[in-house]
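Results of the structural survey
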Amino acid sequence: MTDSKYFTTTKKGEIFELKAELNSDKKEKKKEAVKKVIASMTVGKDVSALFPDVVNCMQTDNLELKKLVYLYLMNYAKSQPDMAIMAVNTFVKDCEDPNPLIRALAVRTMGCIRVDKITEYLCEPLRKCLKDEDPYVRKTAAVCVAKLHDINAQLVEDQGFLDTLKDLISDSNPMVVANAVAALSEIAESHPNSNLLDLNPQTINKLLTALNECTEWGQIFILDCLANYTPRDDRESQSICERVTPRLSHANSAVVLSAVKVLMKFMEMLPKDLDYYGTLLKKLAPPLVTLLSAEPELQYVALRNINLIVQKRPEILKHEMKVFFVKYNDPIYVKLEKLDIMIRLASQANIAQVLAELKEYATEVDVDFVRKAVRAIGRCAIKVEQSAERCVSTLLDLIQTKVNYVVQEAIVVIKDIFRKYPNKYESVIATLCENLDSLDEPEARAAMIWIVGEYAERIDNADELLESFLEGFHDESTQVQLQLLTAIVKLFLKKPTETQELVQQVLSLATQDSDNPDLRDRGYIYWRLLSTDPVAAKEVVLAEKPLISEETDLIEPTLLDELICHIGTLASVYHKPPSAFVEGGRGVQHKRLPARAGSGESAESPDVGQAVSAVSDAPPAVIPSQGDLLGDLLNLDLAPPTSNVPPVPSSMQMGAMDLLGGGLDSLMGDESETSASHYRTEVQSPQPPECSERELGGDVGGSPAMGVSLGGAPVGMPAGLGAAPAVGGGLGDLFDLGGGVGVTAGSYIPPKTVWLPAMKAKGLEISGTFARRSGVIHMDLSFTNKAMSVMTDFAIQFNKNSFGLAPAGPLQVLTPLSPNQTVDVSLPLSTTGPVMKMEPLNNLQVAVKNNIDVFYFSCQYPISLLFVEDGKMDRQVFLATWKDIPSENEAQFQIKDCHLNSDAASNKLQGSNIFTVAKRTVDTQDMLYQSVKLTNGIWMLAELRIQTGNPNSTDLEVGVIFLSGLNSNLPSSRRRTSWHALLSAPHHLSLTTQSVF
């Protein structure tokens, strides 16, 4: 009678009877009792009460009985740790038993008892077994070390078991080597940085020697270990490949896949022009093909791995296409996987064969497989351009079958073909439209709608076709609704006169009658685009589309390389890295392929450096960022919020030479006071309202060649200003160094620049500049209509600004502005408007209104606009004022490449209301002392030092003093450049925005 009788008993009170039997003196009765206990334990009965009695049975010579007791002990030791200690002496004794099977059994059981209390008692028996004379005991002890490490890693390290385990790699028995490698690999997975498997050429040689003699599972352990090794060069890589190649002919598929993994990894280091490389490619194909003759489940695992191999190296199986042809009795999961590999192997050489096969599959009865086959035809057309026409013809033949799901899949893939080959196969659209009524799947309906919208100009009744979809708009899926909305907007942009009602209807359905936020948002975007700027709408909606890629489903290269390193594992079946499905940190190591020989890369990929982006100043925003702008401009009576800009510390120090002090007293006739005196009396000047001395403090960044020391709390300048061109053409025009040096009268007017592009103002482009004529400031504007409709009812308004600039009258645009027409307008300005400090000081925010909308932009006016004609200061007042201003209100800088003598410089500057008060010559240098008065009554005093006696001299040194707390809020490099502009403009002079502030 078999042992099954032990599982059929249902007697009650068994525990008491078993207890008696376990304590029997008869060996056979005791053995029967232990079998009954194990049977009860197996079916889930709690027999832990018998623990002491079962443990007593360990003292036996009967191997079968000892195995049963050990089995019971492993199961209940965790719940009875105190009782389990009783077995320790038996373990120690059994580890010295003359029978190697009993010694191995004892050490195996020791590793399975996961109780911390007794592990320390097991160290000595384990140490003896690791050095046992019998290889069977040693290989068992090697695995026990890994199990013990999982329970108490520190104990294993302290006892030196890891070093003993490393020594076992050099063991003479191949199975001991294999188990030592398996144990070390297991421990290394939980401690990735421990470097336990210190692989070197000597160790690799020992592993390769053991590979030929150990069991199949031992071979898998060794091959997996080899896959983690990085050879030193291509020669070593080739040597390892040659010794691993025989494993490809092994009967066990796991050994074959592990060998393929090693070869795929080490091939990376072989030069492609090497003869052995081609030989290896040929050797890899037969074992992979052989795997496909196994059971369906194994076939599937093999196909998933082959899918990765084909993506990495399609040349391995490029001549084996027929192997992947589907058999009638293949399960669906095998069929679909084979189909995927067929597409990856498709090329110009075999495309005819593939297409014939795919066309045959499309007539199968399995719906899922037919769909996949039809899609495969489309993928072949995209991948192999020469086959596209044949693929389209095949798809049309399939559409003629009128099989519903075949037609729908064909339409989906033809849409992709249109994307890949635009304007090439549009002749088939008529055939597609014939099948419009049979489409019931969302993806197919969406594809057909896309085709109609994209080629609406070629379909006479496109509006009728789209309108038929619109009838059941709310019953459609979101995918179809979104596609229908876009298609009708495309149709409207191509045929605006015929489809106005249709586009209004779909926009209304999408925005007012829909609860889907994606659909509603897209509808609002289209509506706003179409109602405000049809030109922009056309550029957005009808933009040229990028071609779809040849292989849209390829695995990302970095992930593919990692998956190649995991061939033969679950990762290669899931096509996901282990980190995606393994919980916790164990077993999750990111692996990568070694660098190819001669590539110049190290075996470990270098870290990708952070790209260092160049710091560049952004252009000024067309729409100002101040939160109060809209309220002020539109008279909504919103109070402006106060903005505290963090101070920017000065990066400049005053130069060693005091340009503003030397010789001024003697020039003015007062020799008693020293030039370095800082005891000055303050001259009161009116301040702009709402603009305190602290608010007018400026930023002091700039070129190190220039010394600056300005008073007040510095205010950070917006980053955008750095790259902003000056108003009216920028400083380059003012400075034009090729200009003449003759005396010019009047103020320099910079050329106009675009302040508001048409793209940002619904077709209205505004260019302009500023000028000062006859003591009046003018804003010269050019309005250009680049839209399709007439523009009328122009008006203009300024936001509060630093100097109170405001229109002195209404904007006079006398005639309606027709499309493509430009009109010039000169708007006189006053300085009596509301004042608010701007950043920068000369920033002006403007609102322009017309019959279409209100548009906002900001520009910067040249500060010389504000220099008044009565700005020449009396000499004595100049001297007193100069001495009175604190040193922190001073700035000094040097101007390069300015070929002017002192008279020419004085005349040029006077044209911009910068007046020379006095002049003197000291040591071949002309010193000009100048004064400037602004519209708000603030004065500026300057000293200009010019080299004389050298016609080629190009350097000027300028010192500027700002009165009454008026300080710069722009970098000093800007001020230097602007003075340069004043002295170098070819015709009239203008002190630009950056000259002072």
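Residues numbered from 1 in each chain as written. Predicted model: local features only at pLDDT ≥ 70, side-chain atom pairs only at ≥ 80, totals over all residues. Heavy atoms only, no water.

Re the overall build of the protein chain
- The number of helices and strands found in the protein chain is 39 helices and 14 strands.
- Of all intrachain contacts in the protein chain linking residues separated by at least 6 positions in sequence, the fraction that spans at least 24 positions is 69%.
- Surface exposure of the protein chain reaches about 45,300 Å², of which carbon and sulfur atoms provide 51%. (Helix = DSSP H or I, 4+ residues; strand = E, 2+ residues; numbered from the N terminus. Contact = heavy atoms within 4.5 Å. Areas by Shrake-Rupley, 256 points an atom, 1.4 Å probe, with all protein chains shown as cover.)

Topic: the environment of Leu-288
- Mapped onto the secondary structure, Leu-288 falls in helix α18 (residues 275-290).
- For Leu-288, a relative accessible area of 1% corresponds to the buried category. (Buried < 20%, exposed > 50% of the residue type's maximum accessible area, 1.4 Å probe, protein only.)

Some remarks on the sheet that holds strand β5 (residues 795-798)
- Judged by pairing direction, the sheet is antiparallel, and its three strands sit side by side in the order β5-β8-β9 without closing on themselves. Because the sheet does not close on itself, it has two edges, and the strands there are β5 and β9 (854-860). Neighbour-to-neighbour, the strand axes of this sheet turn through a mean angle of 25°, independent of strand direction.
- Judged from the four bridges that link them, β5 and strand β8 (residues 843-849) form a sheet pairing that is antiparallel. Each bridged residue has a counterpart across the sheet, and for Ile-796 the counterpart in β8 is Val-848. (Pairing = 2+ DSSP bridges. Axes fitted to C-alpha atoms, helices over the stretch in contact; angles between N-to-C directions.)

Focus: the pattern of salt bridges
- Scanning all chains against the criterion turns up 30 salt bridges.
- Residues Glu-441 and Arg-371 are paired through a salt bridge, measuring 2.4 Å at the closest nitrogen-oxygen approach. In this pair, Glu-441 sits in the loop between α25 (429-434) and α26 (442-454) while Arg-371 sits in helix α22 (residues 367-383), placing the two residues 70 residues apart along the sequence.
- For Glu-454, the salt bridge identified is with Lys-545, shortest N-O distance 3.2 Å. Residue Glu-454 is found in helix α26, and its partner Lys-545 is found in the loop between α31 (534-541) and α32 (557-564); the two are separated by 91 residues along the sequence.
- Look at Glu-454 and you get buried, because its relative accessible area is 18%. (Salt bridge = Lys/Arg side-chain N within 4 Å of Asp/Glu carboxyl O.)

Some words on the sheet that holds strand β7 (residues 822-830)
- What the five strands build is an open sheet, ordered β2-β3-β4-β7-β6; its pairing is antiparallel. Each edge of the sheet is formed by a strand with only one pairing partner; in this case those strands are β2 (753-756) and β6 (806-807).
- With eight bridges joining them, strand β4 (residues 776-785) and β7 adopt antiparallel strand pairing. Within the sheet, the bridge partner assigned to Ser-782 lies in β7 and is Asp-824.

Let's talk about the nonpolar core
- In terms of nonpolar packing, the biggest core is built from 209 residues, with Tyr-72, Leu-126, Leu-207 and Phe-418 touching the most fellow members.
- Broken down by element, this core gets its largest block of residues, ten residues, from helix α28 (residues 478-494).
- With residues up to four places along the chain from it excluded, the contact list for Leu-207 reads Ile-169, Val-177, Val-181, Leu-199, Ile-222, Cys-225 and Leu-226.
- Judged by nonpolar contacts, the second largest core, of 48 residues, contains Leu-805, Leu-866, Val-932 and Met-940. (Core = buried A, V, L, I, M, F, W, Y, C linked by side-chain atoms within 4.5 Å.)

Details of the pairing of strand β13 (residues 939-947)
- In terms of burial, β13 is largely enclosed, as eight of its nine residues are buried.
- Alignment of strand β12 (residues 925-933) against β13, held across nine bridges, turns out to be antiparallel. Across the sheet, the residue bridging to Asp-926 is Ile-946, located in β13.
- Counting the residues between successive antiparallel strands, the hairpin from β12 to β13 contains five residues, one of them, Gly-937, with a positive phi of roughly 90°.

With respect to the packing of helix α21 (residues 351-361) against helix α23 (residues 388-400)
- It is the contact of α21 with α23, at a shortest axis distance of 11 Å, that shows an interaxial angle of 15°. Accordingly, the angle class assigned to the pair α21 and α23 is roughly parallel. As α21 runs across α23, the sense of the crossing is right-handed. Contact with α21, carried on its side by Ala-352, Leu-355 and Lys-359, involves Arg-390, Cys-391, Thr-394 and Asp-397 of α23 and no other residues of that element.
- Among the residues making up the contact of α21 with α23, the classes are represented as three nonpolar, one polar and three charged. (Parallel < 35°, antiparallel > 145°, perpendicular 65-115°, else oblique. Left-handed = near helix turned anticlockwise from the far one by under 90°. Nonpolar A, V, L, I, M, F, W, Y, C, P; charged D, E, K, R; others polar.)

Digging into unusual backbone geometry
- Here the residue pair Glu-839 and Pro-840 is connected by a cis peptide bond, since its omega of -5° sits within 30 degrees of zero.
- Not every positive phi belongs to a glycine, and His-575 is a case in point at roughly 60°.
- By the element assignment, His-575 lies in the loop between α33 (570-574) and α34 (629-633).
- For His-575, a relative accessible area of 14% gives the class buried.
- Unlike most non-glycine residues, Lys-762 shows phi in positive territory, near 55°.
- Here Lys-762 lies in the loop between β2 and β3 (764-773).

Here we look at the packing of aromatic side chains
- The full count for this structure, using the stated rule, is eleven aromatic pairs.
- Centroid distance Tyr-361 to Phe-369: 5.1 Å. Interplanar angle 45°. Geometry classified as tilted.
- Ring centres of Trp-755 and Phe-770 lie 5.3 Å apart, and the angle between their planes is 35°; on these two criteria the pair is classed as tilted. Note that Trp-755 is positioned in strand β2 and Phe-770 in strand β3, a separation of 15 residues in sequence. Just as Trp-755 is buried, Phe-770 falls in that class too.
- Through a chain of ring-to-ring contacts, the aromatic side chains of Trp-755, Phe-770, Phe-857 and Tyr-861 assemble into a single cluster.
- Over the face of the ring belonging to Phe-369 we find Lys-335, whose NZ or CZ atom lies 5.2 Å from the ring centre. (Phe/Tyr/Trp six-rings, centres within 6.5 Å; stacked < 30°, edge-to-face > 60°. Lys NZ or Arg CZ within 6 Å of the ring centre and 35° of its normal.)

Description of the environment of Pro-828
- Within the fold, Pro-828 resides in strand β7.
- If we ignore the near neighbours within four places in the chain, the residues touching Pro-828 are Val-776, Ile-777, His-778, Ala-806, Pro-807, Ala-808 and Gly-809.

Section: a nonpolar patch on the surface
- On the surface, a nonpolar cluster with roughly 280 Å² of combined accessible area is contributed by Leu-570, Tyr-574 and Phe-581.
- Tracing the backbone through its elements, the reader meets Tyr-574 in helix α33.
- Its relative accessible area of 43% is what places Tyr-574 among the partly exposed residues. (Patch = residues over 30% accessible without salt bridge, like charges linked within 9 Å, V, L, I, M, F, W, Y side chains within 5 Å.)

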